[in-house]
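Chains, contacts and geometry: an overview
As a plain string of letters, each chain reads:
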Amino acid sequence: MVKTVLYNHTNSYDTLNELTDTTKCIWICFHGLGYLSKYFKRYFINFPKDDHYFIIPQAPSKYYQGSDFKHVGASWLTRENTMQEMDNVLNYLDKVITQENIKGDPRIVLMGYSQGVSIATRFMSQYFYNVKALIIQSGSLPQELNENDGQHFETFCDRIIHISGTKDEYVNDKVIEREKERIDTLFGTKCEKHRPDIKHVVHVELLQTIAKSLT
């Protein structure tokens, strides 16, 4: 018999730069599988510091990587108890944005990379405030999101930006067709699509270009 228990949990998150009244974009960046937030934030160190403030949440499930067990990675979700775990993540994220005092701030930019795409979009589907942009790169959109969620994105996202590398080693024709259908269902013609010739890596230069257009 499987039982559940409710308990308190503590988790960290990283920030980069300072949040001020003149900050133009508040980024909430969700890392991919195997990352730690303290390393993921390095991708954003060369963005203009006065314009951009970054919050990098930490996936809760940490594990050792490789046969030597020297490096630590983290995962947001697995196929086991996915929605229950997502509820835990949403509770954590609500605490983060409450502590940062940014709930409802129109300067928020949601960015998800790889596994972080599923977190960014699920979070946005439950967030009832306008955001400056939803940026998703190199990840799959959750299967449970539907046309109603699409209307939600249309209402609350000023811009929706999708990035997928043409050389991504985790993408094949089947994945391309599946994701195209989901993108059309959820984002329609509002979606700004970028198809750079990159593998499964964070495209820092493109994100910096997008950041300029957000300010």
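Residues numbered from 1 in each chain as written. Predicted model: local features only at pLDDT ≥ 70, side-chain atom pairs only at ≥ 80, totals over all residues. Heavy atoms only, no water.

Considering the overall build of the chain
The following threshold applies: Counting from the N terminus, the helices are the DSSP runs of H or I reaching at least four residues and the strands are the DSSP runs of E reaching at least two. Throughout, the radius of gyration refers to the C-alpha atoms, and the reference size of a globule is 2.2 Å times the residue count to the power 0.38. A 1.4 Å probe rolled over the protein chains alone gives each residue an accessible area, and that area as a share of the maximum for its type sets the label: buried under 20%, exposed over 50%, partly exposed in between.
The helix and strand inventory of the chain stands at six helices and nine strands. For 215 residues, the compact-globule estimate of 2.2 N^0.38 gives 17 Å, and the C-alpha radius of gyration of the chain, at 17 Å, lies within 12% of that figure. For the chain, the C-alpha atoms occupy an extent of roughly 50 × 45 × 40 Å along the three principal directions. Put simply, the chain has 215 residues, and 49% of those count as buried.

Examining helix α5 (residues 173-186)
Heads up, the rule is: Given the number of residues in a helix, its expected span is that number minus one, multiplied by 1.5 Å. Pairs of residues are marked as contacts when any of their non-hydrogen atoms sit within 4.5 Å. Polar contacts, as counted here, are pairs of nitrogen or oxygen atoms within 3.5 Å of one another; within protein the pair requires one atom able to donate a hydrogen and one able to accept it, and residues that are adjacent in sequence qualify only if both atoms are side-chain atoms.
For α5, with 14 residues, the first-to-last C-alpha span of 20 Å sits near the 20 Å given by 1.5 Å per residue. Where α5 is buried, its residues touch α4 (147-156), β8 (160-163) and β9 (191-194). A side-chain oxygen of the first residue of α5 lies 3.1 Å from the backbone nitrogen of K174; this N-cap is N172. Just downstream of α5, G188 is the residue with a positive phi angle, here 55°.

Some words on the packing of aromatic side chains
We count it as follows: Here the aromatic set is Phe, Tyr and Trp, taking the six-membered ring for Trp, and pairing holds for ring centres within 6.5 Å; pairs whose planes are under 30 degrees apart are stacked, those over 60 apart are edge-to-face, and all others are tilted.
Scanning the model with the defined rule gives 18 aromatic pairs in all. Considering the side-chain rings of Y35 and F40, the 5.3 Å spacing of their centres and the 75° angle between planes classify their relative orientation as edge-to-face. With a relative accessible area of 0%, F40 lands in the buried category. Cluster of aromatic residues (ring-pair linked, three or more members): W27, Y35, F40, Y43, F44, F47, F54 and Y113.

A few points about the pairing of strand β3 (residues 52-57)
Counted only if it meets this: Pairing between strands is defined by DSSP: at least two bridges between them are needed.
By the criterion of burial, β3 is predominantly enclosed, with six of the six residues buried. Burial along β3 is two-sided: H52, F54 and I56 and Y53, I55 and P57, pointing in opposite directions, are all buried. With four bridges connecting them, strand β1 (residues 13-16) and β3 associate as antiparallel partners. Paired with Y13 across the strands is P57, a residue of β3. In this structure, strand β2 (residues 25-30) lies alongside β3, joined through four bridges in parallel fashion. Considered in β3, the bridge of W27 is made with F54.

Quick look at the nonpolar core
Generally speaking, soluble globular proteins have nonpolar side chains that are buried together. What counts, and what does not: By nonpolar core we mean a set of buried residues, namely Ala, Val, Leu, Ile, Met, Phe, Trp, Tyr and Cys, connected to one another through side-chain atoms within 4.5 Å.
Membership of the largest hydrophobic core comes to 40 residues, with the highest contact counts inside it found for F153 and F187. Of all the elements, helix α2 (residues 82-99) adds the most residues to this core, at seven residues. In contact with F153, other than residues within four places in its own chain, are T121, M124, S125, L134, L145, I160, L186, F187 and K190. If you look at the next biggest cluster of nonpolar residues, it comprises 22 residues, including C25, I56, I210 and A211.

What to know about unusual backbone geometry
In this structure, N17 takes a positive phi of about 75° despite not being glycine. Secondary-structure assignment places N17 in the loop between β1 and β2. One non-glycine residue, N101, lies in positive phi territory at about 60°. Relative to the helices and strands, N101 resides in the loop between α2 and β6 (108-113). On the basis of relative accessible area, N101 is assigned to the exposed category, the value being 67%.

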